[in-house]
Amino acid sequence: MAEERLHANLVLDRHGPIEVLRIDREDALGAMNFEIMEALGTYVTELYSRSEEVRVLVITGTGRGFIAGADIAGYHGAPQAVFDGFQRRSRQTFDAIASLPQVTICAVNGYALGGGFELALCCDFIFVNEKTKLGLPEIKLGLLPGGGGTQRLPRLVGAVRAKEILMTGRMITAQEAVEYGAALEACAPDALIPKAMEFAESLSEMAPVALREAKRVVDDGLDAALSAGLTLEQRVLGALYATDDGKEGIAAFMEKRDADFKGR
Ligand code: COA
């Protein structure tokens, strides 16, 4: 499958129901500038409308860096309004990634610092390799994260560990990321994309509506009171029971055959 260059630093590879988006800025370890953020935002917005066709998105980087944070050179001497504008745009883009209907897998190939770690935190799953280093080093610049790190990291690893990572600015290893519950799996560098793709393929074979709803129910439930989450779960399950795929899944089980899901 041919790669499509969406932007000088953004490459898309289509594999049927799975798309692989690669940040390609090796010389700056993937540092995120305004143009990359814009291109990412445009792609994600467009992906929303293709949830029937694309069910899993894998995001990765190139070489030693996934994304070593915001492009610090762009911050240097920038007016307050430019700085604030970049933060607003990153909030929009990261929120859009977090609420994509597709399952998102971040295959973190190297440094994921600042906005790189924050982008990964917007994904449903993080895969890391032995060279991956994740961190929120903004405190070392006298700043704090602005792409959701202070909010999404504690929700994933707990407040105490998140504060330790935020306040020291230290990088955590792949092993620690798994241990803290931030990453699903750590593997050898060469195995990263094959592992992420194998997982993506297994998810893309699930009943599409149930897959989308599984993501939504968990994420919306985490933002809600338990009783509201449980009510949502019952409503969604009832609606899934009425779908063709729900009927097909039950029939296939009874007839001892593989289900043929249609996505409706
Ligand atoms: N913004 C802009 N450029 C960056 C960058 C960033 N966030 N991170 C790395 N780069 C550039 C470096 O300036 C260097 O460019 P050069 O070759 O033109 O000098 C290149 O990427 C390679 O980085 P280098 O620092 O030489 O590699 P290293 O292996 O010695 O160190 C890091 C790697 C990730 C530890 C180091 O680059 C770093 O600390 N980066 C900044 C991380 C950060 O604070 N991110 C949060 C930003 S809010």
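What counts, and at which threshold
Residues numbered from 1 in each chain as written. Predicted model: local features only at pLDDT ≥ 70, side-chain atom pairs only at ≥ 80, totals over all residues. Heavy atoms only, no water. Domains from an automatic or database assignment. Contact = heavy atoms within 4.5 Å. Buried area = accessible area lost by both parts, 1.4 Å probe. Salt bridge = Lys/Arg side-chain N within 4 Å of Asp/Glu carboxyl O. Polar contact = N/O pair within 3.5 Å; in protein donor to acceptor, adjacent residues only side chain to side chain. 1 Å grid on protein atoms, 1.4 Å probe; cavity = no way out; pocket = protein on both sides within 12 Å on 5 of 7 lines; lining within 4 Å. Points joined across faces, edges and corners; volume = space filled by probe spheres on them. Helix = DSSP H or I, 4+ residues; strand = E, 2+ residues; numbered from the N terminus. Nonpolar A, V, L, I, M, F, W, Y, C, P; charged D, E, K, R; others polar. Pairing = 2+ DSSP bridges. Axes fitted to C-alpha atoms, helices over the stretch in contact; angles between N-to-C directions. Near = heavy atom within 4 Å. Areas by Shrake-Rupley, 256 points an atom, 1.4 Å probe, with all protein chains shown as cover. Phe/Tyr/Trp six-rings, centres within 6.5 Å; stacked < 30°, edge-to-face > 60°. Buried < 20%, exposed > 50% of the residue type's maximum accessible area, 1.4 Å probe, protein only.

**Comments concerning the domain arrangement of the chain**
Next, step 1: Looking at the chain, the domain boundaries give domain 1 (4–204) and domain 2 (208–254).
Next, step 2: At the interface, 13 residues of domain 1 touch 6 residues of domain 2.
Next, step 3: For the pairing of domain 1 and domain 2, the buried interface totals around 670 Å² over both sides, and the portion due to carbon and sulfur atoms is 51%.
Next, step 4: Put simply, domain 1 and domain 2 have 1 salt bridge between them.
Next, step 5: Among the salt bridges present, the one from Lys 215 reaches Asp 124, with a minimum N-O distance of 2.9 Å.
Next, step 6: Seen at the junction of domain 1 and domain 2, the total is 3 residue pairs in polar contact (both at pLDDT 80 or more).

**Thoughts on empty space enclosed by the protein**
Next, step 1: Per the stated rule, a full pass over the model turns up 1 cavity of 30 Å³ or more.
Next, step 2: Ser 51, Val 54, Arg 55, Pro 101, Gln 102, Val 103, Pro 208, Leu 211 and Arg 212 together form the lining of the largest cavity.
Next, step 3: In terms of residues, the lining of the largest cavity owes the most to one element, helix α9 (residues 208–222), which gives 3 residues.
Next, step 4: Residues that form the lining of the largest cavity fall into these classes: 5 nonpolar, 2 polar and 2 charged.

**Examining the side chain of Arg 22**
Next, step 1: With respect to the helices and strands, Arg 22 occurs in strand β3 (residues 18–23).
Next, step 2: Within the structure, the side chain of Arg 22 is placed 3.3 Å from the side chain of Glu 3, a separation counted as a polar contact.
Next, step 3: Among the polar contacts listed, one links the side chain of Arg 22 to the side chain of Thr 62, at a separation of 2.9 Å.
Next, step 4: For Arg 22, the residues in contact, after removing those within four places along its chain, are Glu 3, Asn 9, Leu 10, Val 11, Thr 60, Gly 61 and Thr 62.

**Thoughts on the sheet that holds strand β6 (residues 103–108)**
Next, step 1: What the 7 strands build is an open sheet, ordered β1-β2-β3-β4-β6-β8-β11; its pairing is mixed. The open sheet is flanked by β1 (3–7) and β11 (185–187), the only strands paired with a single partner. For this sheet, the mean inter-axis angle between neighbouring strands, taken without regard to orientation, is 20 degrees.
Next, step 2: Examined bridge by bridge, β6 and strand β8 (residues 125–129) share 4 bridges and lie parallel to one another.

**Examining the site of the ligand**
Next, step 1: In the vicinity of the ligand lie 15 residues, with Asp 27, Arg 64, Ala 68, Ala 70 and Ile 72 positioned nearest.
Next, step 2: At a separation of 2.9 Å, a nitrogen atom of the ligand approaches a polar backbone atom of Ala 70.
Next, step 3: Contact between the ligand and Ile 72: a nitrogen atom at 2.9 Å from a main-chain N or O atom of the residue.
Next, step 4: Burial of the ligand by the protein amounts to 57% of the accessible area it has alone, namely 860 Å².
Next, step 5: Of the residues belonging to the shell around the ligand, the class tally is 10 nonpolar, 1 polar and 4 charged.

**Some words on the packing of aromatic side chains**
Next, step 1: With the rule as written, the count across this model stands at 5 aromatic pairs.
Next, step 2: An angle of 50 degrees between the planes, with centres 6.3 Å apart, marks the rings of Phe 34 and Phe 86 as tilted. Taken together, the residues span a long stretch of sequence, with Phe 34 in helix α1 (residues 34–48) and Phe 86 in helix α3 (residues 80–98) at a distance of 52 residues.
Next, step 3: Classification of Phe 86 as buried rests on a relative accessible area of 10%.
Next, step 4: A ring pair is formed by Phe 127 and Phe 199, whose centres lie 5.5 Å apart and whose planes are at 45 degrees; its orientation type is tilted. Highlighted residues: Phe 127 in strand β8 and Phe 199 in helix α8 (residues 192–204), separated in sequence by 72 residues.
Next, step 5: Ring pairs connect the aromatic residues Phe 34, Tyr 75, Phe 83 and Phe 86, which therefore count as one cluster.

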